[in-house]
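# Descriptive structure summary
One letter stands for each residue in the lines below.
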Amino acid sequence: MSILITGGAGYIGSHTCVELLNAGYDIIVLDNFSNSSPESLNRVKELTDRDFKVYEVDLLDREKVELVFEENHIDAVIHFAGLKAVGESVSIPIYYYQNNITGTLVLLDIMKKYHVKNIVFSSSATVYGTHAKVPLVEDEILGATNPYGSTKLMIEQILKDVFIADSSWSIALLRYFNPIGAHVSGKIGEDPKGIPNNLMPYVTQVAAGKLDRLSVFGSDYPTHDGTGVRDYIHVMDLAIGHIKALEKVMNGTGVEAYNLGTGVGYSVLDLINAFEQATNIKIPYHITDRRPGDIATCYASPMKAKKELGWEAKKDINDMCRDAWNWQSNNPNGYKKEEIITI
(Lines give C-alpha, C1' and ligand atoms only; values in the text may rest on other atoms or scores of the structure.)
Protein backbone atom coordinates (compact mmCIF):
# COMPACT_ATOMS: atom_id res chain seq x y z
CA MET A 1 0.00 0.00 0.00
CA SER A 2 1.44 3.35 -1.06
CA ILE A 3 0.87 6.49 1.03
CA LEU A 4 1.62 10.06 -0.07
CA ILE A 5 2.97 12.15 2.80
CA THR A 6 2.77 15.91 2.22
CA GLY A 7 5.18 17.78 4.47
CA GLY A 8 6.89 14.49 5.24
CA ALA A 9 10.26 16.09 6.03
CA GLY A 10 8.84 18.11 8.92
CA TYR A 11 8.92 17.31 12.62
CA ILE A 12 5.78 15.20 12.90
CA GLY A 13 5.93 14.07 9.27
CA SER A 14 9.41 12.55 9.54
CA HIS A 15 8.52 10.59 12.67
CA THR A 16 5.35 9.33 11.00
CA CYS A 17 7.38 8.26 7.96
CA VAL A 18 9.49 6.06 10.26
CA GLU A 19 6.42 4.40 11.74
CA LEU A 20 4.79 3.87 8.34
CA LEU A 21 7.91 2.27 6.88
CA ASN A 22 8.40 0.07 9.94
CA ALA A 23 4.76 -1.02 9.62
CA GLY A 24 5.38 -2.17 6.04
CA TYR A 25 3.83 0.70 4.09
CA ASP A 26 5.41 2.19 0.99
CA ILE A 27 5.60 5.98 1.11
CA ILE A 28 6.10 8.91 -1.26
CA VAL A 29 7.12 12.21 0.31
CA LEU A 30 6.18 15.63 -1.09
CA ASP A 31 7.78 18.65 0.60
CA ASN A 32 8.92 22.11 -0.47
CA PHE A 33 11.49 22.22 2.39
CA SER A 34 10.49 25.78 3.30
CA ASN A 35 10.46 24.85 6.98
CA SER A 36 12.23 21.48 6.97
CA SER A 37 15.42 19.78 5.82
CA PRO A 38 16.02 17.01 3.27
CA GLU A 39 18.49 15.60 5.80
CA SER A 40 15.58 14.45 7.98
CA LEU A 41 14.49 12.12 5.17
CA ASN A 42 18.03 10.79 4.73
CA ARG A 43 17.94 9.85 8.41
CA VAL A 44 14.51 8.26 8.06
CA LYS A 45 16.03 6.02 5.37
CA GLU A 46 18.95 5.17 7.68
CA LEU A 47 16.66 4.36 10.62
CA THR A 48 14.35 2.11 8.61
CA ASP A 49 16.75 0.73 5.98
CA ARG A 50 14.00 1.56 3.45
CA ASP A 51 14.13 3.75 0.37
CA PHE A 52 11.32 5.92 -1.00
CA LYS A 53 10.65 8.66 -3.52
CA VAL A 54 10.99 12.28 -2.47
CA TYR A 55 9.54 15.16 -4.52
CA GLU A 56 10.61 18.73 -3.82
CA VAL A 57 7.25 20.25 -4.73
CA ASP A 58 5.06 23.06 -3.41
CA LEU A 59 1.34 22.28 -3.18
CA LEU A 60 0.61 25.58 -4.89
CA ASP A 61 2.34 24.24 -8.02
CA ARG A 62 -0.56 22.26 -9.46
CA GLU A 63 1.35 20.92 -12.45
CA LYS A 64 4.11 19.39 -10.32
CA VAL A 65 1.67 18.02 -7.74
CA GLU A 66 -0.30 16.33 -10.50
CA LEU A 67 2.91 14.78 -11.83
CA VAL A 68 3.36 13.03 -8.47
CA PHE A 69 -0.06 11.40 -8.91
CA GLU A 70 0.66 10.53 -12.55
CA GLU A 71 3.93 8.79 -11.69
CA ASN A 72 2.71 6.81 -8.68
CA HIS A 73 -0.19 4.64 -7.59
CA ILE A 74 -1.36 6.32 -4.39
CA ASP A 75 -3.82 4.65 -2.01
CA ALA A 76 -4.12 7.40 0.60
CA VAL A 77 -2.70 10.77 1.65
CA ILE A 78 -1.47 11.98 5.03
CA HIS A 79 -1.54 15.76 4.77
CA PHE A 80 0.96 17.54 7.04
CA ALA A 81 2.11 20.31 4.68
CA GLY A 82 1.39 23.83 5.89
CA LEU A 83 2.75 26.87 7.68
CA LYS A 84 2.38 26.50 11.42
CA ALA A 85 3.65 29.47 13.51
CA VAL A 86 0.81 31.18 15.37
CA GLY A 87 2.64 34.49 15.87
CA GLU A 88 3.82 34.64 12.28
CA SER A 89 0.28 33.94 11.07
CA VAL A 90 -0.93 37.06 12.88
CA SER A 91 1.75 39.13 11.11
CA ILE A 92 1.25 37.71 7.61
CA PRO A 93 -2.29 36.28 7.48
CA ILE A 94 -2.72 36.45 3.69
CA TYR A 95 0.37 34.27 3.22
CA TYR A 96 -1.02 31.69 5.67
CA TYR A 97 -4.46 31.59 4.07
CA GLN A 98 -3.02 31.29 0.59
CA ASN A 99 -0.48 28.64 1.47
CA ASN A 100 -2.48 26.42 3.81
CA ILE A 101 -5.95 26.64 2.27
CA THR A 102 -5.16 27.04 -1.43
CA GLY A 103 -2.50 24.32 -1.21
CA THR A 104 -5.05 21.96 0.33
CA LEU A 105 -7.63 22.79 -2.34
CA VAL A 106 -5.11 21.97 -5.07
CA LEU A 107 -4.31 18.67 -3.35
CA LEU A 108 -7.96 17.69 -2.91
CA ASP A 109 -8.86 18.53 -6.50
CA ILE A 110 -6.04 16.37 -7.83
CA MET A 111 -6.92 13.56 -5.40
CA LYS A 112 -10.48 13.64 -6.75
CA LYS A 113 -9.23 13.53 -10.35
CA TYR A 114 -7.10 10.46 -9.63
CA HIS A 115 -9.78 8.76 -7.49
CA VAL A 116 -7.73 8.91 -4.28
CA LYS A 117 -10.37 9.54 -1.62
CA ASN A 118 -8.66 8.53 1.61
CA ILE A 119 -7.01 11.29 3.62
CA VAL A 120 -5.67 11.84 7.15
CA PHE A 121 -5.45 15.57 7.89
CA SER A 122 -3.06 17.19 10.33
CA SER A 123 -5.33 19.54 12.27
CA SER A 124 -4.77 21.18 15.65
CA ALA A 125 -6.27 21.79 19.07
CA THR A 126 -6.27 25.48 18.11
CA VAL A 127 -9.64 24.84 16.43
CA TYR A 128 -11.22 24.77 19.90
CA GLY A 129 -10.52 28.46 20.52
CA THR A 130 -10.35 29.96 24.00
CA HIS A 131 -13.77 29.36 25.53
CA ALA A 132 -14.10 25.58 25.43
CA LYS A 133 -14.19 23.62 28.68
CA VAL A 134 -11.58 21.01 29.55
CA PRO A 135 -11.13 18.21 28.90
CA LEU A 136 -11.80 19.09 25.27
CA VAL A 137 -14.08 16.73 23.35
CA GLU A 138 -14.46 16.46 19.60
CA ASP A 139 -18.04 17.73 19.43
CA GLU A 140 -17.15 20.99 21.21
CA ILE A 141 -18.19 24.23 19.48
CA LEU A 142 -15.18 25.32 17.42
CA GLY A 143 -13.64 28.74 16.93
CA ALA A 144 -10.04 29.73 16.22
CA THR A 145 -8.37 32.88 17.59
CA ASN A 146 -5.54 33.38 15.07
CA PRO A 147 -5.03 32.94 11.31
CA TYR A 148 -3.09 29.68 11.72
CA GLY A 149 -5.94 28.14 13.71
CA SER A 150 -8.45 29.57 11.27
CA THR A 151 -6.74 27.80 8.36
CA LYS A 152 -7.00 24.48 10.21
CA LEU A 153 -10.65 25.11 11.04
CA MET A 154 -11.48 26.10 7.46
CA ILE A 155 -9.74 23.03 6.04
CA GLU A 156 -11.70 20.82 8.44
CA GLN A 157 -14.89 22.39 7.11
CA ILE A 158 -13.75 21.96 3.51
CA LEU A 159 -13.11 18.27 4.15
CA LYS A 160 -16.53 17.85 5.77
CA ASP A 161 -18.12 19.50 2.74
CA VAL A 162 -16.13 17.24 0.39
CA PHE A 163 -17.65 14.23 2.13
CA ILE A 164 -21.16 15.71 2.04
CA ALA A 165 -20.78 16.15 -1.71
CA ASP A 166 -19.31 12.66 -2.24
CA SER A 167 -19.85 10.04 0.45
CA SER A 168 -17.21 7.72 -1.02
CA TRP A 169 -14.49 9.80 0.69
CA SER A 170 -12.91 8.60 3.93
CA ILE A 171 -11.41 11.35 6.10
CA ALA A 172 -9.78 11.57 9.54
CA LEU A 173 -9.19 14.97 11.15
CA LEU A 174 -6.46 14.63 13.78
CA ARG A 175 -6.43 17.44 16.33
CA TYR A 176 -2.96 17.49 17.90
CA PHE A 177 -2.26 18.96 21.28
CA ASN A 178 1.40 19.79 22.09
CA PRO A 179 3.87 17.41 20.40
CA ILE A 180 7.31 17.22 22.00
CA GLY A 181 10.11 14.67 22.25
CA ALA A 182 11.99 12.92 19.46
CA HIS A 183 12.84 9.49 18.08
CA VAL A 184 14.65 7.45 20.71
CA SER A 185 17.69 7.16 18.42
CA GLY A 186 18.31 10.91 18.58
CA LYS A 187 18.61 10.91 14.79
CA ILE A 188 15.45 12.90 14.04
CA GLY A 189 13.67 15.54 16.09
CA GLU A 190 12.26 19.06 16.15
CA ASP A 191 14.50 21.51 14.29
CA PRO A 192 12.96 24.99 14.39
CA LYS A 193 14.38 27.72 12.20
CA GLY A 194 15.51 30.73 14.20
CA ILE A 195 14.20 31.33 17.73
CA PRO A 196 11.82 28.47 18.65
CA ASN A 197 8.10 29.22 18.86
CA ASN A 198 7.36 26.16 21.00
CA LEU A 199 8.27 25.56 24.63
CA MET A 200 10.31 22.34 24.50
CA PRO A 201 12.81 23.31 21.79
CA TYR A 202 13.31 26.59 23.63
CA VAL A 203 14.03 24.65 26.85
CA THR A 204 16.48 22.31 25.10
CA GLN A 205 18.30 25.23 23.48
CA VAL A 206 18.64 26.92 26.86
CA ALA A 207 19.98 23.62 28.23
CA ALA A 208 22.49 23.48 25.37
CA GLY A 209 23.64 27.04 26.01
CA LYS A 210 22.32 28.34 22.69
CA LEU A 211 19.82 30.62 24.47
CA ASP A 212 20.36 32.40 27.81
CA ARG A 213 17.11 31.73 29.61
CA LEU A 214 13.48 30.81 29.14
CA SER A 215 10.63 33.33 29.29
CA VAL A 216 7.55 32.06 31.12
CA PHE A 217 4.55 34.01 29.91
CA GLY A 218 2.30 34.65 32.89
CA SER A 219 2.27 33.35 36.46
CA ASP A 220 -1.21 34.47 37.50
CA TYR A 221 -3.38 31.94 35.67
CA PRO A 222 -5.95 29.98 37.73
CA THR A 223 -3.78 26.84 37.72
CA HIS A 224 -1.93 24.96 40.48
CA ASP A 225 1.22 27.08 40.06
CA GLY A 226 -0.06 30.06 38.09
CA THR A 227 1.50 29.07 34.75
CA GLY A 228 -0.36 27.79 31.72
CA VAL A 229 -1.30 24.11 31.58
CA ARG A 230 -1.08 22.11 28.35
CA ASP A 231 -1.42 18.54 27.11
CA TYR A 232 2.04 17.44 25.93
CA ILE A 233 2.26 14.34 23.77
CA HIS A 234 5.31 12.41 22.62
CA VAL A 235 5.82 12.76 18.88
CA MET A 236 6.21 8.97 18.51
CA ASP A 237 2.81 8.40 20.14
CA LEU A 238 1.46 10.97 17.71
CA ALA A 239 3.06 9.15 14.77
CA ILE A 240 1.41 5.89 15.81
CA GLY A 241 -1.89 7.76 15.98
CA HIS A 242 -1.54 8.45 12.25
CA ILE A 243 -1.08 4.74 11.55
CA LYS A 244 -4.27 3.99 13.47
CA ALA A 245 -6.17 6.76 11.65
CA LEU A 246 -4.88 5.48 8.30
CA GLU A 247 -6.17 1.99 9.10
CA LYS A 248 -9.52 3.55 9.92
CA VAL A 249 -9.85 5.52 6.67
CA MET A 250 -8.75 2.54 4.57
CA ASN A 251 -11.56 0.41 5.97
CA GLY A 252 -14.68 2.50 5.48
CA THR A 253 -16.01 5.90 4.52
CA GLY A 254 -16.98 8.99 6.48
CA VAL A 255 -15.38 11.99 8.17
CA GLU A 256 -14.42 11.97 11.85
CA ALA A 257 -12.32 14.18 14.14
CA TYR A 258 -10.03 12.73 16.81
CA ASN A 259 -8.08 14.34 19.61
CA LEU A 260 -4.50 13.09 19.88
CA GLY A 261 -3.40 13.97 23.38
CA THR A 262 -2.65 12.26 26.70
CA GLY A 263 -5.58 13.70 28.65
CA VAL A 264 -3.09 14.98 31.26
CA GLY A 265 -2.21 18.64 31.72
CA TYR A 266 1.24 19.87 32.75
CA SER A 267 2.11 23.48 33.55
CA VAL A 268 5.12 25.30 32.15
CA LEU A 269 6.87 24.94 35.50
CA ASP A 270 5.94 21.23 35.64
CA LEU A 271 7.65 20.76 32.28
CA ILE A 272 10.75 22.66 33.38
CA ASN A 273 10.97 20.55 36.55
CA ALA A 274 10.49 17.30 34.61
CA PHE A 275 13.22 18.31 32.16
CA GLU A 276 15.62 19.16 34.99
CA GLN A 277 14.96 15.80 36.65
CA ALA A 278 15.40 13.86 33.39
CA THR A 279 18.65 15.60 32.42
CA ASN A 280 20.19 17.01 35.63
CA ILE A 281 20.46 20.36 33.84
CA LYS A 282 19.17 23.53 35.48
CA ILE A 283 16.97 25.72 33.26
CA PRO A 284 17.17 29.44 34.10
CA TYR A 285 13.90 31.27 33.48
CA HIS A 286 12.11 34.50 34.26
CA ILE A 287 8.44 35.34 34.52
CA THR A 288 7.05 37.87 32.08
CA ASP A 289 3.63 39.11 30.98
CA ARG A 290 0.95 36.87 29.54
CA ARG A 291 0.81 36.57 25.77
CA PRO A 292 -2.40 37.82 24.12
CA GLY A 293 -4.74 34.95 23.30
CA ASP A 294 -3.15 32.41 25.64
CA ILE A 295 -5.55 30.49 27.86
CA ALA A 296 -5.02 29.02 31.32
CA THR A 297 -5.65 25.34 30.67
CA CYS A 298 -5.95 23.14 27.60
CA TYR A 299 -5.94 19.35 27.56
CA ALA A 300 -7.71 16.65 25.62
CA SER A 301 -10.21 13.96 26.19
CA PRO A 302 -8.56 11.18 24.17
CA MET A 303 -11.40 8.70 24.72
CA LYS A 304 -12.81 8.80 21.18
CA ALA A 305 -9.43 7.92 19.66
CA LYS A 306 -9.06 5.07 22.16
CA LYS A 307 -12.54 3.73 21.42
CA GLU A 308 -12.64 4.12 17.63
CA LEU A 309 -8.97 3.94 16.62
CA GLY A 310 -7.62 1.68 19.34
CA TRP A 311 -4.99 4.32 20.12
CA GLU A 312 -3.74 5.83 23.33
CA ALA A 313 -0.54 7.63 24.33
CA LYS A 314 2.03 5.34 25.99
CA LYS A 315 4.96 7.65 26.78
CA ASP A 316 5.09 9.95 29.80
CA ILE A 317 6.56 13.39 30.43
CA ASN A 318 9.92 11.90 31.45
CA ASP A 319 10.19 10.06 28.12
CA MET A 320 9.36 13.28 26.30
CA CYS A 321 12.02 15.29 28.12
CA ARG A 322 14.71 12.60 27.85
CA ASP A 323 14.19 12.07 24.13
CA ALA A 324 14.01 15.80 23.37
CA TRP A 325 17.35 16.34 25.10
CA ASN A 326 18.88 13.30 23.40
CA TRP A 327 18.02 14.85 20.03
CA GLN A 328 19.26 18.34 20.98
CA SER A 329 22.49 17.17 22.59
CA ASN A 330 23.37 14.95 19.63
CA ASN A 331 22.38 17.61 17.09
CA PRO A 332 23.30 21.01 18.56
CA ASN A 333 22.68 22.68 15.19
CA GLY A 334 19.71 20.53 14.22
CA TYR A 335 20.08 19.03 10.76
CA LYS A 336 22.75 21.56 9.79
CA LYS A 337 26.27 20.18 9.64
CA GLU A 338 28.90 21.76 11.86
CA GLU A 339 30.77 24.52 10.05
CA ILE A 340 34.46 23.79 9.68
CA ILE A 341 36.56 26.97 9.85
CA THR A 342 39.99 26.83 8.24
CA ILE A 343 42.71 29.38 8.91
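Notes on the structure follow. All values reported here derive from a predicted model rather than from experimental measurement. (Residues numbered from 1 in each chain as written. Predicted model: local features only at pLDDT ≥ 70, side-chain atom pairs only at ≥ 80, totals over all residues. Heavy atoms only, no water.)

## Description of the sheet that holds strand S5 (residues 118–124)
Read across the open sheet, the seven strands follow the order S3-S2-S1-S4-S5-S6-S11; overall the sheet is parallel. Each of the sheet's edge strands pairs with one partner strand only, and the pair in question is strand S3 (53–56) and strand S11 (254–260). Within this sheet the neighbouring strands show an average axis-to-axis angle of 20°, counted without direction. Summarising the sheet, strand S2 (residues 26–31) and S3 pair through four bridges and their orientation is parallel. In the sheet register, Val29 faces S3, and the bridge partner there is Val54. Sheet strands in contact with helix H6 (residues 147–165) are S5, strand S6 (170–176) and S11, and its direction is about 155° off that of S5. (Pairing = 2+ DSSP bridges. Helix = DSSP H or I, 4+ residues; strand = E, 2+ residues; numbered from the N terminus. Axes fitted to C-alpha atoms, helices over the stretch in contact; angles between N-to-C directions. Contact = heavy atoms within 4.5 Å.)

## Some words on the nonpolar core
Nonpolar side chains in soluble globular proteins tend to end up buried together. Formed by 40 residues in total, the largest nonpolar core has its most connected members in Ile5, Leu20, Ile27, Leu174 and Leu260. Excluding residues within four positions of it along the chain, Leu174 makes contact with Val120, Phe121, Ser122, Ser123, Ser124, Gly241, His242, Ala245, Tyr258 and Leu260. Residues Ile28, Val68, Ile155 and Leu159 belong to the second largest nonpolar core, which totals 28 residues. (Core = buried A, V, L, I, M, F, W, Y, C linked by side-chain atoms within 4.5 Å. Buried < 20%, exposed > 50% of the residue type's maximum accessible area, 1.4 Å probe, protein only.)

## What about the environment of His115?
When you line up the elements, His115 lands in the loop between helix H5 (93–113) and S5. By relative accessible area, which is 66% here, His115 ends up exposed.

## Points about the packing of aromatic side chains
For the structure shown, the criterion picks out four aromatic pairs. Measuring from centroid to centroid gives 6.1 Å for Phe275 and Trp325, while their planes differ by 85°, and the two rings are edge-to-face. Pair noted here: Phe275 is in helix H9 (residues 268–279) and Trp325 is in helix H11 (residues 317–330), with a separation of 50 residues, a long-range link. Exposure class is identical for Phe275 and Trp325. Each is buried. One cation-aromatic arrangement involves Lys304 over Tyr258; the distance from NZ or CZ to the ring centre is 5.1 Å. (Phe/Tyr/Trp six-rings, centres within 6.5 Å; stacked < 30°, edge-to-face > 60°. Lys NZ or Arg CZ within 6 Å of the ring centre and 35° of its normal.)

## Re the sheet that holds strand S14 (residues 297–298)
Backbone hydrogen bonds are what pair the strands of a sheet, in a parallel or an antiparallel way. Pairing in this open sheet of three strands is mixed, and the strands run S12-S9-S14 from one edge to the other. Of all strands in the sheet, those with a lone pairing partner are strand S12 (266–267) and S14, marking the two edges. Pairing analysis gives two bridges linking strand S9 (residues 229–230) to S14, with the strands arranged parallel. For Val229, the partnering residue across the bridge sits in S14 and is Thr297.

## Some words on the packing of H9 against H11
Between H9 and H11, whose axes approach to 9 Å, the crossing angle comes to 65°. As for the relative orientation of H9 and H11, their crossing is right-handed in sense. Residues Leu271, Ala274, Phe275, Ala278 and Thr279 of H9 form the contact with H11, whose participating residues are Ile317, Asn318, Cys321, Arg322 and Trp325. Grouping the amino acids of the contact of H9 with H11 by side-chain chemistry returns seven nonpolar, two polar and one charged. (Left-handed = near helix turned anticlockwise from the far one by under 90°. Nonpolar A, V, L, I, M, F, W, Y, C, P; charged D, E, K, R; others polar.)

## Here we look at the pattern of salt bridges
Applying the stated criterion across every chain yields a total of 16 salt bridges. Here Glu39 ties to Arg43 by a salt bridge, and the two come within 3.1 Å at their closest N and O atoms. In this pair, Glu39 and Arg43 are both assigned in helix H2 (residues 38–48), four residues apart and thus about one turn of the helix distant. Just as Glu39 is buried, Arg43 falls in that class too. We note a salt bridge from Asp294 to Arg291, for which the minimum N-O separation is 2.9 Å. Under the relative-accessibility criterion, Arg291 is labelled partly exposed at 39%. Via salt bridges that share partners, Arg62, Glu66, Asp109 and Lys113 belong to a single interconnected network. (Salt bridge = Lys/Arg side-chain N within 4 Å of Asp/Glu carboxyl O.)

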